[in-house]
Amino acid sequence: MGLVDGKIAIVTGAASGMGREGARVFAREGAAHVYVVDVNVDGGNETVEMARQLGAGATFVALDVTDEDAVAATIARVVREQGRLDCAWNNAGINDISKAFHEFTKAEWDRMIAVNLSSVYWCMKHEIAQMLQQGGGAICNTSSGAGLVGAPGLPHYTAAKHGVLGLVKVAAAELNNSGIRVNAVCPGMVDTPMIRGWFASNPDLANAVLETMPGKRLLDPIEIAEAAVWLCSDGARGVSGLSMTVDAGGLNR
Ligand code: NAI
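Residues numbered from 1 in each chain as written. Predicted model: local features only at pLDDT ≥ 70, side-chain atom pairs only at ≥ 80, totals over all residues. Heavy atoms only, no water.

Caption draft 1: Region of the structure containing the pattern of salt bridges. In the structure shown here, the tally under the stated rule is 14 salt bridges. A salt bridge links Glu-223 to Arg-217, with the shortest nitrogen-to-oxygen separation between them at 3.0 Å. You can call Glu-223 partly exposed: its relative accessible area is 30%. Given a relative accessible area of 35%, Arg-217 falls into the partly exposed group. It is possible to trace a salt-bridge network through shared partners that takes in Arg-28, Glu-29 and Glu-226. (Salt bridge = Lys/Arg side-chain N within 4 Å of Asp/Glu carboxyl O. Buried < 20%, exposed > 50% of the residue type's maximum accessible area, 1.4 Å probe, protein only.)

Structure below.
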């Protein structure tokens, strides 16, 4: 028995990093079909191959999650092809170069909020509408340690990730009699292309933060994926509204 046997799942930001591992863990844990969503076509197709090798059906959908109409069309496509949507991991996101609080431009602010916060609402909106029709489902959103405490140098990222947890709390409260569960993972620093890019552009800050991580190591993306897939599984049927830190204890020192 897998954790998500026979489920239909969608993972955004699945061309890379944690989302790719999420698609693989869904496949490994018995999902019938995984929709791999990303703007990165080559990476998305590679993830599809990985999921298929693990025995799941898999489809890549090229989608910018900031585009609400395209998000709606993608959920409609999943339902047209599979009849339902059981699990959604809304994980796509971006980082930015760290700067002083007062130095961000309107364009930088707007882009961050569009990708890391508004897109999560667009995805949840259309996923929840479908899950209400079918009478249940499970959603996990990717927040961050920066959803729980401030990340110096990244006010827009911090605000967006705090906002994701706000969406989780509202949805979990509204939906607690609907069979729909909504949770979040709050990763610590994870070894993905995103964090490697941030390390390259902020080596001093990054190394200082790494010093504070348990074992002075980055987390492996599969460690986050295992938690997210569990939150989407029936094993977590009693869990909704949770912001689950997956940081090897770094925030609890
Ligand atoms: P990553 O860069 O490896 O993967 C992110 C994926 O999202 C990429 O494939 C990218 O193409 C996709 N994406 C970006 N904008 C998109 C858009 N508008 N539409 C569709 N896809 C889009 O990064 P990683 O680290 O796997 O990040 C996943 C999530 O985890 C993000 O939400 C990030 O903010 C969050 N996170 C990352 C941490 C880390 O240390 N790596 C720590 C805490 C949170």
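Here the narrative resumes, following the displayed structure.
Caption draft 2: Inspection of the packing of aromatic side chains at higher detail. Evaluated as defined, the whole model comprises 2 aromatic pairs. Ring centres of Tyr-121 and Trp-122 lie 5.4 Å apart, and the angle between their planes is 65°; this geometry places the pair in the edge-to-face category. The exposure class assigned to Tyr-121 is partly exposed, which follows from its relative accessible area of 40%. Take Trp-122: its relative accessible area is 23%, and that puts it in the partly exposed class. Centroid distance Trp-198 to Phe-199: 6.2 Å. Interplanar angle 80°. Geometry classified as edge-to-face. (Phe/Tyr/Trp six-rings, centres within 6.5 Å; stacked < 30°, edge-to-face > 60°.)

Caption draft 3: Quick look at the pairing of strand E7 (residues 243-246). The two faces of E7 differ: Met-244 and Val-246 on one face are buried, but Ser-243 and Thr-245 on the other face are not. Relative to E7, strand E6 (residues 180-187) runs parallel, the two sharing 4 bridges. Within the sheet, the bridge partner assigned to Val-185 lies in E7 and is Met-244. (Helix = DSSP H or I, 4+ residues; strand = E, 2+ residues; numbered from the N terminus. Pairing = 2+ DSSP bridges.)

Caption draft 4: Looking closely at the nonpolar core. One finds Phe-26, Val-34, Trp-89, Val-185 and Ile-224 to be the most contacted residues of the largest nonpolar core, which totals 44 residues. Here this core gets 6 residues from one element, more than from any other, and that element is helix H8 (residues 221-231). Counting residues in each nonpolar core, the second largest holds 28 residues, with Val-71, Ile-75, Val-78 and Val-182 among its members. (Core = buried A, V, L, I, M, F, W, Y, C linked by side-chain atoms within 4.5 Å.)

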